[in-house]
Each structure stands twice: as C-alpha cells, then as structure tokens.
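In case you want the letters, here they are:
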Amino acid sequence: SARRVLRIRYDDRAGSATERDVEPLGYVGSPTHWYLIGWCRLRGGIRAFRTDRIARVTVTAEVPAARELRPGDLDIPDDLVHQLTLG
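Now for a quick tour of the structure. The structure presented is a predicted model; accordingly, all values stated were derived computationally and were not measured.

Bringing the pattern of salt bridges into the picture now. Within this structure, the stated rule accounts for six salt bridges. Asp-11 is the partner of Arg-9 in a salt bridge, and the nearest nitrogen-oxygen pair spans 3.1 Å. In this structure, Arg-50 and Asp-52 form a salt bridge, with 2.8 Å as the shortest nitrogen-oxygen distance. For Arg-50, a relative accessible area of 17% translates into the label buried. The network of salt bridges with common partners includes Glu-23, Arg-41 and Glu-62.

Below, the structure written as structure tokens:
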C-alpha cells in the first residue's frame, strides 16, 4: 500500500533462491495460493510470486514509476479476474 519497490528473496519451485527488486502491482488469489504480481527488474517483465515462497521482504525507499495492473497483463481469462477492495 506504500507504493514502494520491494526487495525480496524468492525461492522458486526447485528451491533456488534469488534476490529481486519488484514493483508491486497487485495480488491474485486462487483456491490454493495467493500471488504478488509485480514488475520484476531481474527478469524485465511482469511476474507472479507465490507468497509462501517469498522468504524475505525489505521495503525500499524507492517509489516505482506509476503503472496499473491491467487484466491483459495476466494470462488469465478476463471473466475470471475480479477486483477486490479493502475497506
């Protein structure tokens, strides 16, 4: 919610760990997992990070460029994507 770049340590499905700077765009949930969706600077594209595989998070002071997550950014049929609000 602070709109800051996150530095995460992410463990992939094979157990390999990487440090990544991520510009958060939103969260996506499924019946089994939640995912942080963000612009991954290491990979140069939008990526989904399973939250249970994020081993460490540091909030940096850097504010990313303004960008909104659009349904077309995800490989999910539009009729399955619903925006949630907190409040």
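So that's the structure; there's more coming.
A separate point is the packing of aromatic side chains. For the structure on display, the rule yields one aromatic pair. Here Tyr-10 and Phe-49 contribute two aromatic rings whose centre-to-centre distance is 5.1 Å and whose plane-to-plane angle is 80°, an arrangement assigned as edge-to-face. Placement of Tyr-10 in strand β1 (residues 6-11) and of Phe-49 in strand β4 (residues 45-50) is noted, with a sequence separation of 39 residues between them. Summarising the burial analysis for this pair, Tyr-10 and Phe-49 share the class buried.

Conventions adopted
- All residue numbers here refer to positions counted from 1 along the written sequence of the relevant chain.
- Whole-chain, interface and lining totals are the exception, using all residues; otherwise, since this is a predicted model, local features are given only for residues with pLDDT of at least 70 and side-chain atom pairs are given and counted only at 80 or more.
- Just so you know, side-chain values use all the structure's heavy atoms and leave hydrogens and water out.
- For this document, the term salt bridge refers to a Lys or Arg side-chain nitrogen within 4 Å of an Asp or Glu carboxyl oxygen.
- Summary of the burial criterion: residues with accessible area below 20% of their type's maximum are buried, those above 50% are exposed, and those between are partly exposed, where the area comes from a 1.4 Å probe applied to protein chains only.
- Here a Phe, Tyr or Trp ring, Trp counted by its six-membered ring, pairs with any other such ring whose centre lies within 6.5 Å, and the pair is stacked when the planes are under 30 degrees apart, edge-to-face when over 60, and tilted otherwise.
- Runs of H or I in DSSP of at least four residues are treated as helices and runs of E of at least two as strands, each being numbered from the N terminus.

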